[in-house]
Number of protein chains: 2
Amino acid sequence: MKNCIIAQSGGPTTAINASLAGVLVENEESHYFDTIYGSINGVTGIFTENILNLSEKIQNIPGFIDKLKVTPAMYLGSCRYKLPSPEDDTDTYNKIFSFFEKYEIDSFFYIGGNDSMDTVLKLSDYAKSIGSSVKIIGIPKTIDNDLCGTDHTPGFGSAAKYVAASLLEIAHDTYIYPVKSVTIVEIMGRDAGWLTAASALARNEYSNAPHLIYLPERAFDIDSFVSDVKKLLETQNSVVVAVSEGIRDKDGNYICNTGAGTDNFGHQQLSGAGKALEGIVADRIGVKVRSVEINILQRCAAHLSSLTDLDESMMQGQKALSLAVEGTSGVMVMLKRLSNNPYSVSTDYMDIHDAANLVKNVPTEWISPEGNDVTEEMMTYLRPLIVGEPTVTYKNGLPEYLSVEHLFAT
Amino acid sequence: MKNCIIAQSGGPTTAINASLAGVLVENEESHYFDTIYGSINGVTGIFTENILNLSEKIQNIPGFIDKLKVTPAMYLGSCRYKLPSPEDDTDTYNKIFSFFEKYEIDSFFYIGGNDSMDTVLKLSDYAKSIGSSVKIIGIPKTIDNDLCGTDHTPGFGSAAKYVAASLLEIAHDTYIYPVKSVTIVEIMGRDAGWLTAASALARNEYSNAPHLIYLPERAFDIDSFVSDVKKLLETQNSVVVAVSEGIRDKDGNYICNTGAGTDNFGHQQLSGAGKALEGIVADRIGVKVRSVEINILQRCAAHLSSLTDLDESMMQGQKALSLAVEGTSGVMVMLKRLSNNPYSVSTDYMDIHDAANLVKNVPTEWISPEGNDVTEEMMTYLRPLIVGEPTVTYKNGLPEYLSVEHLFAT
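Undergrad: Report on the overall build of chain A, specifying residues and quantitative values.
TA: Of regular secondary structure, chain A possesses 14 helices and 13 strands. Against the globule reference of 22 Å for 410 residues, chain A gives a C-alpha radius of gyration of 22 Å, in line with a compact fold. Out of the 410 residues belonging to chain A, those deemed buried represent 63%. Carbon and sulfur atoms form 46% of the exposed surface of chain A, whose accessible area is close to 14,600 Å². Averaging the positions of the 32 positive and the 52 negative side-chain charges in chain A gives two centres separated by 4 Å.

Below, the structure written as structure tokens:
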């Protein structure tokens, strides 16, 4: 018997289940693994043997893989668990590798973001250190697009499409009144401005919204912002501003009204850049102003996914399985862009040591000199990623997704 | 020459342009009017002769009517203008009726909400008083569904679909972590809870979210809320709460953190019910909590419109034109539900005096006795309204809508 187990971790995206679908689809072709297990709630499912037999799901649920591809968030659930180092906690590693032995696990696939790649690094190093042949392979996803090495990260394209479509629809909403108004749209992205940059894709032949874009990679200056907005209001009624939740002033202080606590990985929890700018416009410009927080739907609105994104996410899952078959371990799958016109990518992989715990920010030269827009290079990079619409079926007027009842045990 | 003019007013919906399309399509059949004009920014476009020749648009823009049907917000722009009574301001009425004479206007169609129907009432009464033969006809729309007389209001079904789909996708997002958590989703609806009630449509075979629903029609009791949430947390990890922005305590005080000013019609501007409940959960229950404000996309996310809604909105426009042809004035078009199974409606009309300035709230008997859910009668009423998906074309990954450049003049 040769089995494998897959887990998912980190924040949701609409494309993470497509990577899971990719592993499954590839095995349907090769039949390399006898049984594919899913670990519920990331690596923590392994500790409690809370697992799902995915091979059975494929057999029992008609169209399982196709539906999985378009189902948002994590079919296997997630965790926010930081694996300790083996020196600090050998027990945990013993537990994991005993599980692997018991279930005849040949390969472990971990689909996740930066923090999950840290787990892949630790587990693969540990496997090597004990002479285990279990392959440990990372499959990246993040709406933030801040993973190093890969051209872009699955999950980003769909979030970018959601952000751009929302910006376009919000722009239509703002154009209806013949009064001076400012609309601030706050977009996710703690340290990396990729998703906020993607708002620029909303621009078309008739609408130039967002008219201003501020990323966390550039120090935010309140006076410049006020002057940017005032200048635009001289010649147009509606000014739409896209702003990252993570904008900071030159001293590194967040531009926000609130900010409470940190998550398990020490990241500061943010909210309020939009509200803060709304207050600034009200005080210093005095026109009609509204702030809109593009909420968690930017990471879970699967009905508006990018087909390019889902397809690439699936390709990553397929590549991961083929790497396992070849005996590769301690790597992260990645995407290489071969060409922009026509757009094409291939999958590849890199040593997990070169991938984990590094953050990819927007390059300075892709931000306009004034710091209030992105450049044409950025647009060339972004454009292909949101193209295409997946086939989402609707039932009674709502998208049909896979049941996630197996996550409900308390 | 016999011409007509159409205007739109009030807040945007994704279905209001479908009513405009309905008038146009009906005239393409009957050719009753020689030229159809659009007044830019509601009735105020008439004052400044800021008008658009819609008949020319149909001729010059291929597929104009089809694209118009799915374009969000108002193609003709909006206004927040309260027409004075003729006794207070005869000049304004003179201006409007001089315009009608100059442009040989036979009929004026006003597509809008409660406040717009007030304008229809005043103009039609005035027309009668001066013996003018100009027909004044109201075509209702509002995402709030709070207009009296009609079974439901175009714009509501699409907003309801957006709210329900968002709730479902947010539910998927909340199910991934095996920790106790509460997610508060704040939904538009100042006085009427129809849209918040529609969140219940998100429930399906595997997901019962939203688990609690609070409407403004029932006094909100903080202790009951806390106890409702605590009870659910005993048996499930994730509790999703749908709450109207307009919830009030038994003394009529809004449950909100902020509340600033009033609009031109004296309505209090609200925000923060979701944030307020988030704080209450954090303080009194102490579990992970997040609030999500379903933002203005609930009224402008045309890519997720209800086809039933758009079709009915169009039918209303068609009916309005046929009423004008018959010489009817001082009326509001309405929808009559003929049957639930199979669902069918017909268009009708009512005297504008019976329609304007009245608000239709959710009937008490459609709210659960505990005040934290809606009843099966409500579900039967809601279900058909979100059914069907319009054909939205995409270009470069984004929905293709009509240009609204004609609204940009400053």
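Undergrad: Got a sec to walk through the relation of the copies chain A and chain B? Specific residues and values, please.
TA: The two chain copies are connected by a rotation around an axis plus a translation along it. Superposition record for chain A on chain B: RMSD 0.0 Å, screw rotation 180 degrees, translation along axis 0.0 Å. Such a combination of rotation and displacement between the chain copies is what one expects of a two-fold axis. Comparing contact sets, 100% of the residues at the interface of chain A also lie at the interface in chain B, consistent with an isologous, same-surface contact.

Undergrad: Got a sec to walk through the sheet that holds strand E4 (residues 105–112) of chain A? Specific residues and values, please.
TA: Residues and elements named next belong to chain A. Taken in spatial order, the seven strands make up an open sheet running E3-E2-E1-E4-E5-E10-E11, and their pairing is mixed. Sheet topology places strand E3 (51–53) and strand E11 (343–351) at the edges, where each strand pairs with a single neighbour. For this sheet, the mean inter-axis angle between neighbouring strands, taken without regard to orientation, is 25 degrees. As defined by bridge partners, strand E2 (residues 36–39) adjoins E3 across three bridges and the pair is classed as antiparallel. Each residue of the ladder has a partner; that of Tyr 37, found in E3, is Asn 53. Together, strand E1 (3–8), E2, E4 and strand E5 (135–140) form the strand contacts of helix H1 (residues 16–30), whose direction differs from that of E1 by roughly 170 degrees.

Undergrad: For the pattern of salt bridges, give the residues involved together with the corresponding values.
TA: Opposite charge on two side chains permits them to pair, given that their charged atoms come into close proximity. A full pass over the atoms with the stated rule returns 34 salt bridges over all chains. Between Asp251(A) and Lys250(A) there is a salt bridge whose closest N-O contact spans 3.8 Å. Using a relative accessible area of 70% as the deciding quantity, one classes Lys250(A) as exposed. One salt bridge connects Arg383(B) with Glu376(B), and the closest N-O pair in it is separated by 3.1 Å. Given the relative accessible area of 47%, Glu376(B) is considered partly exposed. Several salt bridges converge on common partners, so that one network encompasses Lys82(A), Asp118(A) and Lys122(A).

Undergrad: For the interface of chain A and chain B, give the residues involved together with the corresponding values.
TA: In this complex, chain A contributes 66 residues to the contact, which on the side of chain B involves 66 residues. Overall, the association of chain A and chain B removes approximately 5,200 Å² of surface from exposure, summing both partners, and the carbon and sulfur fraction of that is 63%. The largest contributions to the chain A side of the interface with chain B come from Glu169(A), Ile176(A) and Tyr206(A), which together make up 14% of the buried area. Run the count over chain A and chain B and you get 22 residue pairs in polar contact (both at pLDDT 80 or more). Looking at the side of chain A that touches chain B, the elements with two or more residues in it are helix H7 (156–174), strand E9 (288–293), helix H11 (297–300), strand E12 (394–395) and strand E13 (398–399) of chain A. Looking at the side of chain A that touches chain B, the element that brings in the most residues is H7(A), giving 10 residues. Partitioned by chemical class, the residues of the side of chain A that touches chain B number 36 nonpolar, 18 polar and 12 charged.

Undergrad: Give a detailed account of the environment of Val241(B), specifying residues and quantitative values.
TA: Residue and element names in this part refer to chain B. Tracing the backbone through its elements, the reader meets Val 241 in strand E8 (residues 238–244). Residue classification places Val 241 among the buried positions, given a relative accessible area of 0%. Taking the C-alpha atoms as reference, Val 241 lies 8.6 Å from Val 229; in sequence the two are 12 residues apart.

Undergrad: Please set out helix H12 (residues 307–326) of chain A residue by residue, giving values where relevant.
TA: Residues and elements named next belong to chain A. Its 20 residues give H12 an end-to-end C-alpha distance of 29 Å, which sits within 8% of 28 Å, the value for a rise of 1.5 Å per residue. Regarding H12, its N-cap is Ser 306, as a side-chain oxygen of that residue lies 3.3 Å from the backbone nitrogen of Thr 308 further along. Just downstream of H12 lies Gly 327, where phi reads positive at about 90 degrees.

Undergrad: Now, about the sheet that holds strand E8 (residues 238–244) of chain A: what can you tell me, with residues and values included?
TA: All names here are of chain A. The four strands are arranged E7-E8-E6-E9 in an open sheet whose pairing can be described as parallel. Sheet topology places strand E7 (212–214) and E9 at the edges, where each strand pairs with a single neighbour. Neighbouring strand axes in the sheet, compared pairwise and without regard to direction, differ in orientation by 15 degrees on average. The pairing of strand E6 (residues 181–187) with E9 spans six bridges and is parallel. In the sheet register, Ile 184 faces E9, and the bridge partner there is Ser 291. Its contacts with the sheet put H7 on E6, E8 and E9, and the angle it makes with E6 is roughly 165 degrees.

Undergrad: Give a detailed account of the nonpolar core, specifying residues and quantitative values.
TA: Counting 182 residues, the largest nonpolar core has Leu54(A), Tyr75(A), Phe109(A), Leu54(B), Tyr75(B) and Phe109(B) as the members making the most contacts within it. Phe109(B) has contacts with Cys4(B), Ile5(B), Ile6(B), Ala7(B), Val23(B), Phe33(B), Ile137(B), Ile139(B), Ala320(B), Leu321(B) and Ala324(B), leaving out every residue within four places of it along the chain.

Undergrad: With reference to specific residues and values, describe the environment of Asp118(A).
TA: Residues and elements named next belong to chain A. By secondary structure assignment, the location of Asp 118 is in helix H6 (residues 114–129). You can call Asp 118 buried: its relative accessible area is 6%. When the C-alpha positions of Asp 118 and Gly 138 are compared, they lie 9.3 Å apart, and in sequence the two are 20 residues distant.

Undergrad: Break down unusual backbone geometry for me, citing the residues and quoting the values.
TA: Residues and elements named next belong to chain A. Omega for the peptide link from Asn 341 to Pro 342 comes to 0 degrees, which places this bond in the cis form. Within the fold, Pro 342 resides in the loop between strand E10 (331–340) and E11. Phi is positive for Asn 41, close to 65 degrees, though the residue is something other than glycine. On the secondary structure map, Asn 41 appears in the loop between E2 and helix H2 (44–47). Here Glu 104, not a glycine, exhibits a phi torsion of approximately 50 degrees, which is positive.

Undergrad: Please give an account of the packing of aromatic side chains that cites residues and values.
TA: Counted under the stated rule, the structure contains 38 aromatic pairs over all chains. Aromatic side chains Phe64(B) and Tyr75(B) sit 5.5 Å apart centroid to centroid with 75 degrees between the ring planes, which places their arrangement in the edge-to-face category. Separated by 11 residues along the polypeptide, Phe64(B) in helix H4 (residues 64–70) and Tyr75(B) in the loop between H4 and helix H5 (90–102) bring together distant segments of the chain. Across the pair, Tyr75(B) and Phe64(B) agree in class, each one buried. Aromatic pair Phe100(B) and Phe108(B): ring centres 5.9 Å apart, planes at 40 degrees, arrangement tilted. Given a relative accessible area of 2%, Phe100(B) falls into the buried group. The exposure class assigned to Phe108(B) is buried, which follows from its relative accessible area of 1%. Members of the aromatic cluster, connected to one another through ring pairs, are Tyr37(A), Tyr93(A), Phe97(A), Phe99(A), Phe100(A), Tyr103(A), Phe108(A), Tyr110(A) and Tyr126(A). Positioned above the aromatic ring of Trp194(A), the side-chain terminus of Lys360(A) is 5.3 Å from the ring centre.

Undergrad: I'd like to hear about the pairing of E8(A), residue by residue, with values.
TA: Residues and elements named next belong to chain A. Burial of E8 is extensive: seven of the seven residues sit out of reach of the surface. Burial along E8 is two-sided: Ser 238, Val 240, Ala 242 and Ser 244 and Val 239, Val 241 and Val 243, pointing in opposite directions, are all buried. The sheet contact formed by E6 and E8 spans seven bridges and is parallel. Of the residues in E8, the one forming a bridge with Ile 187 is Ser 244. With three bridges connecting them, E7 and E8 associate as parallel partners. Following the sheet pairing, Leu 212 is matched in E8 by Val 241. You can see the chain leave E7, run along helix H9 (residues 222–233) and come back into E8, and the turn it takes is right-handed.

Procedures and definitions
Residues numbered from 1 in each chain as written. Chains lettered and ligands numbered in written order. Predicted model: local features only at pLDDT ≥ 70, side-chain atom pairs only at ≥ 80, totals over all residues. Heavy atoms only, no water. Helix = DSSP H or I, 4+ residues; strand = E, 2+ residues; numbered from the N terminus. Rg over C-alpha atoms; globule rule 2.2 N^0.38 Å. Buried < 20%, exposed > 50% of the residue type's maximum accessible area, 1.4 Å probe, protein only. Areas by Shrake-Rupley, 256 points an atom, 1.4 Å probe, with all protein chains shown as cover. Lys, Arg positive; Asp, Glu negative; His and termini not counted. Charge placed at Lys NZ, Arg CZ, Asp CG, Glu CD. Least-squares fit on C-alpha atoms with pLDDT ≥ 70 in both. Contact = heavy atoms within 4.5 Å. Pairing = 2+ DSSP bridges. Axes fitted to C-alpha atoms, helices over the stretch in contact; angles between N-to-C directions. Salt bridge = Lys/Arg side-chain N within 4 Å of Asp/Glu carboxyl O. Buried area = accessible area lost by both parts, 1.4 Å probe. Polar contact = N/O pair within 3.5 Å; in protein donor to acceptor, adjacent residues only side chain to side chain. Nonpolar A, V, L, I, M, F, W, Y, C, P; charged D, E, K, R; others polar. Expected span 1.5 Å × (residues − 1). Core = buried A, V, L, I, M, F, W, Y, C linked by side-chain atoms within 4.5 Å. Phe/Tyr/Trp six-rings, centres within 6.5 Å; stacked < 30°, edge-to-face > 60°. Lys NZ or Arg CZ within 6 Å of the ring centre and 35° of its normal. Right-handed = clockwise from strand over helix to strand, strands pointing away.

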